[in-house]
Amino acid sequence: MRRLTPAFFFTLLLLLLSSASIQAQTDISGTWEITWEGMRGATTSVFTFQQEGDTFTGTAQIETMGRAGGRGAGQIREVPVTDGKINGDQITFMVTIGQGPRAMTPVYSATVSGDSMEGTMRTERRESPFTGVRKEKEGMRFPRPGAPAGGTPGAGGRRSGR
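These numbers come from a predicted model, not from an experiment.

Undergrad: What exactly am I supposed to notice about the overall build of the protein chain here?
TA: Tallying secondary structure elements over the protein chain gives one helix and ten strands in all. For the protein chain, the succession of helices and strands along the chain, N to C, is α-β-β-β-β-β-β-β-β-β-β. Per-residue burial for the protein chain yields a buried fraction of 31% across its 162 residues. A fraction of 39% describes how many contacts in the protein chain between residues 6 or more apart in sequence connect residues 24 or more apart. For the protein chain, the accessible area works out to roughly 10,800 Å², and carbon and sulfur atoms hold 55% of it.

Undergrad: Teacher, can you tell me more about the pattern of salt bridges here?
TA: One side chain can pair with another of opposite charge once the charged atoms of both are near each other. Counted by the stated rule, this structure contains two salt bridges. D115 serves as the salt-bridge partner of R134, at 2.5 Å between the closest nitrogen and oxygen. Of the two residues, R134 sits in strand β8 (residues 127-137) while D115 sits in the loop between β6 (107-113) and β7 (116-122), which places them 19 residues apart along the sequence. Overall, R134 belongs to the buried group, its relative accessible area being 3%.

Undergrad: How should I be thinking about the packing of aromatic side chains in this particular structure?
TA: Any two aromatic rings considered together are summarised by their centre-to-centre distance and by the angle between their planes. Throughout the structure, instances matching the rule amount to eight aromatic pairs. The interplanar angle of 75 degrees and the centroid separation of 5.1 Å between the aromatic rings of F49 and F56 together place this pair among those described as edge-to-face. Classification of F56 by relative accessible area gives buried; the value is 3%. Look at F49 and F93: their rings are 5.2 Å apart centre to centre, the planes differ by 65 degrees, and that puts the pair in the edge-to-face class. Within this pair, whereas F49 is found in strand β2 (residues 41-52), its partner F93 is found in strand β5 (residues 90-95), the two being separated by 44 residues in sequence. For the pair F49 and F93, one class covers both residues: buried.

Undergrad: Any chance you could explain the nonpolar core here in plain terms?
TA: Nonpolar side chains tend toward joint burial in soluble globular proteins. Core analysis: the biggest nonpolar cluster contains 21 residues, and I34, F47, F49, I91, F93 and M117 have the highest contact counts within it. Residues in contact with F49, not counting those within four places in the same chain, are I28, S29, G30, W32, I34, F56, T57, G58, V81, F93 and M117.

Undergrad: Honestly, the side chain of S29 in this entry has me stumped. Any pointers?
TA: Tracing the chain through its elements places S29 in the loop between α1 (6-23) and β1 (30-38). A polar side-chain atom of S29 sits 3.4 Å from the main-chain amide nitrogen of Q51.

Reading the values: the criteria
- Residues numbered from 1 in each chain as written.
- Predicted model: local features only at pLDDT ≥ 70, side-chain atom pairs only at ≥ 80, totals over all residues.
- Heavy atoms only, no water.
- Helix = DSSP H or I, 4+ residues; strand = E, 2+ residues; numbered from the N terminus.
- Buried < 20%, exposed > 50% of the residue type's maximum accessible area, 1.4 Å probe, protein only.
- Contact = heavy atoms within 4.5 Å.
- Areas by Shrake-Rupley, 256 points an atom, 1.4 Å probe, with all protein chains shown as cover.
- Salt bridge = Lys/Arg side-chain N within 4 Å of Asp/Glu carboxyl O.
- Phe/Tyr/Trp six-rings, centres within 6.5 Å; stacked < 30°, edge-to-face > 60°.
- Core = buried A, V, L, I, M, F, W, Y, C linked by side-chain atoms within 4.5 Å.
- Polar contact = N/O pair within 3.5 Å; in protein donor to acceptor, adjacent residues only side chain to side chain.

Written out as structure tokens, the structure reads:
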């Protein structure tokens, strides 16, 4: 029977540590603009994530829906990001929009690459692709292409094509 040497254990430890560091390389902390195509055109909302290891929480500033001109329609509401999980470059999370029987909880799944992400938002009724771009990371701002040098104006959800 062969005897295991200390060099073998050292090599095994290095392999385990290097594979763990590869998994931990995806960092989603910061402020992101996430855009998806909805029934009323493209919608962009601001998400802020706080990461702890392979989980994260945060908030999303979501534009409320409703009848055009109706009470509450178009207002920005801050809702919590829940069940955030990171597995390599893959993330999943949820937000609950609304209250009671009309509440909706979209599930977001995405692949993160540096300061961008691409994925799918799933609800009970439909599935929509989305893209995301990091705008701020731990106090550092990333200006939006074409934006004035002062940074990204405004916050919250914005619609195009109105």
